[in-house]
Amino acid sequence: MFKSLRKFGNLFFVSIYILLLSSCATIDQGHQPVYQQSANSQEIAKASEVPQIAEAAQEERDDIYMLLAYAIVLKDWQTDSSDPARGHNIGSILVDGAGKVVFWARNANKITGNGTQHGEVRLIRNYLTNVKTYDLKDHVVYTTLEPCAMCSGMMVMTNIKRTVYGQTDPDFGKALERLCWDSHTLPNGFQPYPRCVKSETSKNIIRQRLDQAYGKYQQSGGKGITKWLLSAEAKEIYQNALKMFLNYQVKYPENIPILERAREYHDKVPSEYVPLTD
């Protein structure tokens, strides 16, 4: 009889133990959805939804966005006689992690009388003011001219993922590369600046033509890339970029909607100067 009671008691305690384990598991599962609803978790989940595409398809997508940036600059092309003068023929677009163009801007340093009003500065500042955020970690900037130190610094501080530029600037370029350069092993060297932004030269044929044309201009004694960008030669290359954009044929089906939305976006961008939103 005592053996039976002892056996019954062991079974009873084992059962209680199993119930407790099941209860704990249920509590953990019940808390999980609540945690996922928190603001930080939503941001993490959203970031994980960034689509991954093949390298070749991404190169084609970069082509489309770069051509869009050229086309937006061409819409308000500046010359020596532009009155009022808006600024330099430089502009950029911002693309989010899902591949959507979310903002555009053109250089406006002359009309504002403010030397800081480069395309990239206006792009990032205006966008952040509108969306009320400061972290652009999944975003890409496509700019028609290689970013200067000022624009590069803003990209770094806002955590831009990468930038693709459509013309090399021999004088004021390579700022992002310098920020990412690790020289700590040299005397008085430094570690790379935090949040390095990947800087890439556009592979588009228009970029090659711009670089070649400006190179010849320099060889003939010409000085100043912004001055050359006012020339008829530069405008002709930008007009070719617009033709390529309007007649572009995608090779990768996933980029069909990208091109369609880019063209729709171009149609909506005004040709006149647009002040910053404060």
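Residues numbered from 1 in each chain as written. Predicted model: local features only at pLDDT ≥ 70, side-chain atom pairs only at ≥ 80, totals over all residues. Heavy atoms only, no water.

**So, the overall build of the protein**
For clarity, the threshold we go by: Elements are defined by DSSP. Helices are runs of H or I of four residues or more, strands are runs of E of two residues or more, and each kind is numbered from the N terminus. Burial status follows relative accessibility: with a 1.4 Å probe on protein chains alone, a residue under 20% of its type maximum counts as buried, one over 50% as exposed, and anything between as partly exposed. Note on contacts: a residue pair is in contact if any heavy atoms of the two residues lie within 4.5 Å. To be clear on the numbers: accessible area is Shrake-Rupley with a 1.4 Å probe, and residue cover counts the displayed protein chains and nothing else.
Helices and strands together make up the secondary structure of the protein, namely 11 helices and five strands. Taking all 278 residues of the protein together, 40% fall into the buried category. Counted over contacts in the protein with a minimum sequence separation of 6, partners at least 24 positions apart contribute 64%. For the protein, the accessible surface area stands at approximately 16,400 Å², while carbon and sulfur atoms represent 57% of it.

**What about the packing of helix 5 (residues 119-131) against helix 6 (residues 149-157)?**
A pair of packed helices is characterised by two quantities: the angle between their axes and the separation of those axes. Going by this rule: A fitted line through C-alpha atoms serves as each axis, taken over the contacting stretch for helices, and the angle formed by two N-to-C directions is quoted from 0 to 180°. Each angle is binned into one of four classes, with values under 35 degrees roughly parallel, values over 145 roughly antiparallel, values of 65 to 115 roughly perpendicular, and all other values oblique. Two helices cross in a left-handed way if the nearer one is turned anticlockwise from the farther one by less than a right angle. They cross in a right-handed way if the turn is clockwise.
One can describe the packing of helix 5 onto helix 6 by two numbers: an axis separation of 8 Å at closest approach and a directional angle of 25°. The angle between the axes of helix 5 and helix 6 places the two elements in the roughly parallel class. Note that helix 5 runs across helix 6; the crossing there is left-handed. On the side of helix 5, the interface is formed by Glu120, Val121, Ile124 and Arg125, while helix 6 contributes Met150, Cys151, Met154 and Met155.

**Some words on the pattern of salt bridges**
Inclusion rule: A pair is scored as a salt bridge if a Lys or Arg side-chain nitrogen falls within 4 Å of a carboxyl oxygen belonging to Asp or Glu.
Evaluated as defined, the whole model comprises seven salt bridges. The salt bridge involving Arg162 is made with Glu200; its shortest N-O contact spans 2.9 Å. Of this pair, Arg162 sits in strand 4 (residues 162-165) while Glu200 sits in strand 5 (residues 198-201), and the two are 38 residues apart along the sequence. Accessibility expressed as a relative area gives 10% for Arg162, which makes it buried.

**Thoughts on unusual backbone geometry**
The omega angle of the peptide bond from Asp83 to Pro84 is 0°, so this bond is cis rather than trans. Non-glycine residue Lys132 carries a positive phi angle of around 60°. If you trace the backbone, Lys132 turns up in the loop between helix 5 and strand 3 (140-143). Among the residues examined, Lys132 registers a relative accessible area of 69% and is labelled exposed.

**Observations concerning the packing of aromatic side chains**
For clarity, the threshold we go by: Here a Phe, Tyr or Trp ring, Trp counted by its six-membered ring, pairs with any other such ring whose centre lies within 6.5 Å, and the pair is stacked when the planes are under 30 degrees apart, edge-to-face when over 60, and tilted otherwise.
Under the counting rule described, the total for this entry stands at six aromatic pairs. A ring pair is formed by Tyr65 and Tyr142, whose centres lie 5.0 Å apart and whose planes are at 50°; its orientation type is tilted. With Tyr65 in helix 3 (residues 55-74) and Tyr142 in strand 3, the pair connects residues that are 77 residues apart, well separated along the chain. When the ring of Phe103 is compared with that of Tyr127, the centres are 6.0 Å apart and the planes differ by 65°; the resulting orientation is edge-to-face. Here Phe103 is found in strand 2 (residues 101-106), whereas its partner Tyr127 is found in helix 5, with 24 residues between them in sequence. Each of the two residues, Phe103 as well as Tyr127, counts as buried. Ring-pair connections join several aromatic residues into one group, and the members of that group are Tyr70, Trp77 and Tyr238.

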